[in-house]
Amino acid sequence: TGSEGRHLSMGSSSIDFTPTEPDPALLGQPLSQVEIPTGQGILGILRANGSVELNTVPSPLIHAGDRIIYSSMAD
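Residues numbered from 1 in each chain as written. Predicted model: local features only at pLDDT ≥ 70, side-chain atom pairs only at ≥ 80, totals over all residues. Heavy atoms only, no water.

Details of the sheet that holds strand β2 (residues 13–20)
No. 1: Pairing is antiparallel across the open sheet formed by five strands, whose spatial order is β1-β2-β5-β3-β4. Each edge of the open sheet carries a strand with a single partner, namely β1 (6–10) and β4 (52–54). If you compare each strand with its neighbour and ignore which way they point, the axes differ by 30° on average.
No. 2: In the sheet, strand β3 (residues 41–46) pairs with β4 via three bridges, with the strands oriented antiparallel. What sits directly across from I45, in β4, is E53. (Pairing = 2+ DSSP bridges. Helix = DSSP H or I, 4+ residues; strand = E, 2+ residues; numbered from the N terminus. Axes fitted to C-alpha atoms, helices over the stretch in contact; angles between N-to-C directions.)

Laid out in structure tokens, this is it:
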């Protein structure tokens, strides 16, 4: 399930960010276990409390109420 995305321009490039509810099977798993669709990346996790945890090493764990923030080049 998707939700409202965001768009960011940096110089001549634009990046779209889309927070998406994770598959329930991923709850409790590290973000590194998420399959990344072709042409996208993962910025991090939008937590239920509104904070953002970036995709770092070691990967943060996915919890109920979180959304995975996918990123893609818009142009």
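Examining the environment of G50
No. 1: On the secondary structure map, G50 appears in the loop between β3 and β4.
No. 2: Linking G50 and D16, residues 34 residues apart in sequence, is a C-alpha distance of 19 Å.

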